[in-house]
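This is what each chain is made of:
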Amino acid sequence: MIDDPGRYLTAGPRVGLRPYTPGDAEEFTAHVRASRELHRPWLFPPDHLQAYAAYARAMDEDPAREGFLVCEREEGGRLAGFVNINNIVRGAFLSGALGYGAFAHAAGRGLLSEALGLLLPYAFGPLGLHRLEANIQPGNAASRALVRRAGFRLEGFSPAMLFIDGAWRDHERWAITAPP
């Protein structure tokens, strides 16, 4: 059953993007717990209700963040993952840092590729950004392939860039800019 596209900020044939809501906490955290093996050691989304509440609130209230749930339209809107734009800087920079994750049941099906294809026109249109950057640990081949398919280019390497899972991790910097 395909759900109502009017509930989404933007929708494609298979997925729709919509904001986080408090009502998504149980489904989101259950999918995160079921996806631990897929996400680690790259990603640590909230896996319990209290952490989700703070996370969703920050996406809604922090002007330097925009967050969206990726929903499977043919599954009545079941959550497939998430895409976020963090560290949004206005002024002359007009940039943000992309974060994303698929849930295990949705991984490898192209749903995040479709979601990024929906997010980019929104980021470069209504949000008014000029640049998006994705910082990816070098061993995360799936993430590197995802951004490459979306048109991101490899711009460099940052040793010991982010503190993740108890250690400073190297990252590749991938970026895309708004079309001219």
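Residues numbered from 1 in each chain as written. Predicted model: local features only at pLDDT ≥ 70, side-chain atom pairs only at ≥ 80, totals over all residues. Heavy atoms only, no water.

Which residues make up the sheet that holds strand β5 (residues 95–102), and what values go with them?
If you trace the 8 strands from one edge of the open sheet to the other, you get β1-β2-β3-β4-β5-β6-β8-β7, paired in mixed fashion. Sheet topology places β1 (10–11) and β7 (153–164) at the edges, where each strand pairs with a single neighbour. Where β5 lies against strand β6 (residues 131–136), 3 bridges are found, and the strand directions are parallel. If you follow G96 over to β6, its bridge partner there is L132. (Pairing = 2+ DSSP bridges. Helix = DSSP H or I, 4+ residues; strand = E, 2+ residues; numbered from the N terminus.)

Now, about the pattern of salt bridges: what can you tell me, with residues and values included?
Think of it this way: side chains of opposite charge can pair up when their charged atoms draw near. The full count for this structure, using the stated rule, is 9 salt bridges. Within this structure, R131, E133, R153 and E155 form a network of salt bridges that share partners. (Salt bridge = Lys/Arg side-chain N within 4 Å of Asp/Glu carboxyl O.)

Any details on the environment of I85? Residues and values, ideally.
Of note, I85 is situated in strand β4 (residues 78–89). Judged by relative accessible area, which is 0%, I85 ranks as buried. As a C-alpha pair, I85 and A178 span 93 residues in sequence and 15 Å in three-dimensional space. The residues contacting I85, other than those within four sequence positions of it, are A64, R65, E66, G96, A97, L98, L119, A123, L127, L129 and L132. (Buried < 20%, exposed > 50% of the residue type's maximum accessible area, 1.4 Å probe, protein only. Contact = heavy atoms within 4.5 Å.)

Just give me the short version of the packing of aromatic side chains, but keep the residues and values in it.
Taken as a whole and judged by the stated rule, the model has 10 aromatic pairs. Seen in terms of ring centroids, Y20 and Y55 are 5.4 Å apart; in terms of plane orientation they differ by 85°. Their pairing is edge-to-face. Note that Y20 is positioned in the loop between β2 (15–18) and α1 (25–34) and Y55 in helix α3 (residues 49–61), a separation of 35 residues in sequence. The buried category is assigned to Y20, whose relative accessible area is 8%. Look at F28 and Y52: their rings are 5.1 Å apart centre to centre, the planes differ by 45°, and that puts the pair in the tilted class. Separated by 24 residues along the polypeptide, F28 in helix α1 and Y52 in helix α3 bring together distant segments of the chain. Each member of the pair, F28 as well as Y52, is classed as buried. Grouped by ring-pair contacts, the aromatic residues Y20, F28, Y52, Y55, F82 and F103 constitute a single cluster. (Phe/Tyr/Trp six-rings, centres within 6.5 Å; stacked < 30°, edge-to-face > 60°.)

Lay out the side chain of R18 in plain terms, naming residues and giving numbers.
The topology assignment puts R18 in strand β2. If sequence neighbours within four positions are ignored, R18 has contacts with R7, Y8, L9, D24, G67, F68, L69, C71 and L79.

Can you explain the nonpolar core? Please cite residues and give values.
V83, I85, L132 and F152 are the most contacted members of the largest nonpolar core, which totals 33 residues. The set of elements that each furnish at least two residues to this core consists of β2, β3 (66–72), β4, β5, α4 (111–124), β6, α5 (141–149) and β8 (167–177). For L132, the contacting residues outside a window of four places in its chain are I85, G96, L120, A123, F124, F152, W174, A175 and I176. Counting residues in hydrophobic clusters, the runner-up holds 14 residues, among them Y20, A25, A56 and F82. (Core = buried A, V, L, I, M, F, W, Y, C linked by side-chain atoms within 4.5 Å.)

How would you summarise the environment of L116 if you had to cite specific residues and measurements?
As for its placement among the helices and strands, L116 is situated in helix α4. On the basis of relative accessible area, L116 is assigned to the buried category, the value being 0%. If near-sequence neighbours (up to four positions away) are discounted, L116 is found in contact with V83, L98, L146 and A150.

Describe in detail the pairing of β6, supporting the description with residues and values.
Burial analysis of β6 places 5 of its 6 residues in the buried class, which makes it a mostly covered element. Remark: the β5/α4/β6 crossover connection has right-handed handedness. (Right-handed = clockwise from strand over helix to strand, strands pointing away.)

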